[in-house]
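Fold and geometry: a report
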Amino acid sequence: MKLFNCNNSPFSLLTILFLLVTPLLFLGACDVTSSEEDDEYEEHSDPWGLALIQGENEIARQHQDRSISYKEGDHIELLAGEDSPLITVQFIDQDGDFIEPDHLDEDSALNWDIVDKEFLDIDQNPEDNKWSFHFVGLSEGETTVTFDLLHGGHSDFTSSPFTVHVHENSQ
């Protein structure tokens, strides 16, 4: 018994081979990522959290679950009429490790949003790096500030709100 007779079929043997081989060629060509693309992806990690570093001390951290912890208490302290020491934002990857600044795209920038600008401002000096700033206490009160990692005109990451208390300077 003959299963297939090429002479009586509209399909030729070449057509059948083409139909069988073509999907295999496409499957073989569909490598999801090359090792070079893997390296590039690893090089430009997306943040899952961030830490605010003052000198050698971490003063606040947003964790992966979006909760905030502070070095002392439940907020950042600042005096009215004074600038804080230099604070650097350090982004954190999904493993809880710091993302090196050179692993962020060079077009990336730091942005912030202060809820009540009567109490707090941020001063970013040209001589400091683009991830560093000073809090400026304007008057006694409490506000929150969120930080954004901007890239290509949109935010790749927005932090949870950090609480800042500005106290009256007694001097």
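Residues numbered from 1 in each chain as written. Predicted model: local features only at pLDDT ≥ 70, side-chain atom pairs only at ≥ 80, totals over all residues. Heavy atoms only, no water.

**What to know about the overall build of the protein chain**
For clarity, the cut-off: Counting from the N terminus, the helices are the DSSP runs of H or I reaching at least four residues and the strands are the DSSP runs of E reaching at least two. The rule is simple: take the accessible area with a 1.4 Å probe, protein chains only, and divide by the maximum for that residue type; under 20% is buried, over 50% is exposed, in between is partly exposed. Note on contacts: a residue pair is in contact if any heavy atoms of the two residues lie within 4.5 Å. Surface accessibility follows the Shrake-Rupley procedure with a 1.4 Å probe radius. Residue values consider only the protein chains on display as shielding.
A count of helices and strands for the protein chain gives two helices and eleven strands. The order of α-helices and β-strands along the protein chain, N terminus first, is α-α-β-β-β-β-β-β-β-β-β-β-β. Across the 171 residues in the protein chain, those meeting the buried criterion constitute 32%. Taking all contacts inside the protein chain whose residues are at least 6 apart in sequence as the whole, residues at least 24 apart take part in 60%. Carbon and sulfur atoms form 52% of the exposed surface of the protein chain, whose accessible area is close to 11,200 Å².

**Looking at the sheet that holds strand S3 (residues 68-70)**
Convention followed: Here a strand pair is declared whenever DSSP counts at least two bridges between the two strands. Each axis is a line fitted through C-alpha atoms, and for a helix only the stretch in contact is used; angles between axes span 0 to 180 degrees, taken between their N-to-C directions.
Strand order in this open sheet of six strands is S3-S2-S1-S5-S8-S7, and the pairing throughout is antiparallel. Each edge of the open sheet is held by one strand with a lone partner, namely S3 and strand S7 (120-123). In this sheet, adjacent strand axes meet at a mean angle of 30° when their direction is disregarded. Here strand S5 (residues 87-92) runs beside strand S8 (residues 132-137); their pairing, made up of two bridges, is antiparallel. Residue Thr88 lies in a different strand from S8, and its bridge partner there is Ser132.

**A word on the packing of aromatic side chains**
Rules: The rule is short: rings of Phe, Tyr and Trp, with Trp giving its six-membered ring, pair when the centres are within 6.5 Å, and they are stacked under 30 degrees, edge-to-face over 60, tilted in between.
What the rule picks out here adds up to six aromatic pairs. Look at Phe91 and Phe157: their rings are 6.0 Å apart centre to centre, the planes differ by 90°, and that puts the pair in the edge-to-face class. With Phe91 in strand S5 and Phe157 in strand S10 (residues 154-158), this pair connects stretches of sequence that are 66 residues apart. Phe157 matches Phe91 in its accessibility class, with the two residues each being buried. Their ring planes at 65° and their centres at 5.9 Å tell us that Phe147 and Phe162 sit as a pair that is edge-to-face. Of this pair, Phe147 sits in strand S9 (residues 141-151) while Phe162 is found in strand S11 (residues 162-167), placing the two residues 15 residues apart along the sequence.

**Describing the side chain of Asp93**
Put simply, the rule reads: Charge counting follows a simple rule: Lys and Arg are positive, Asp and Glu are negative, and His as well as the terminal groups are ignored. When a carboxyl oxygen of Asp or Glu is within 4 Å of a side-chain nitrogen of Lys or Arg, the pair counts as a salt bridge. Each polar contact in these results corresponds to two N or O atoms within 3.5 Å; when the atoms are within protein, one needs to be able to donate a hydrogen and the other to accept it, and residues that are neighboring in sequence are counted only if both atoms are side-chain atoms.
For Asp93, the position within the fold is in the loop between S5 and strand S6 (109-114). Of the buried charged residues, Asp93 lacks a salt bridge, with Arg61 as the closest side chain of opposite charge at 8.3 Å. Within polar-contact distance, the side chain of Asp93 engages the backbone nitrogen of Asp95 at 2.9 Å. Contact partners of Asp93, with chain neighbours within four places excluded, come to Asp46, Trp48, Gln64 and Ile99.

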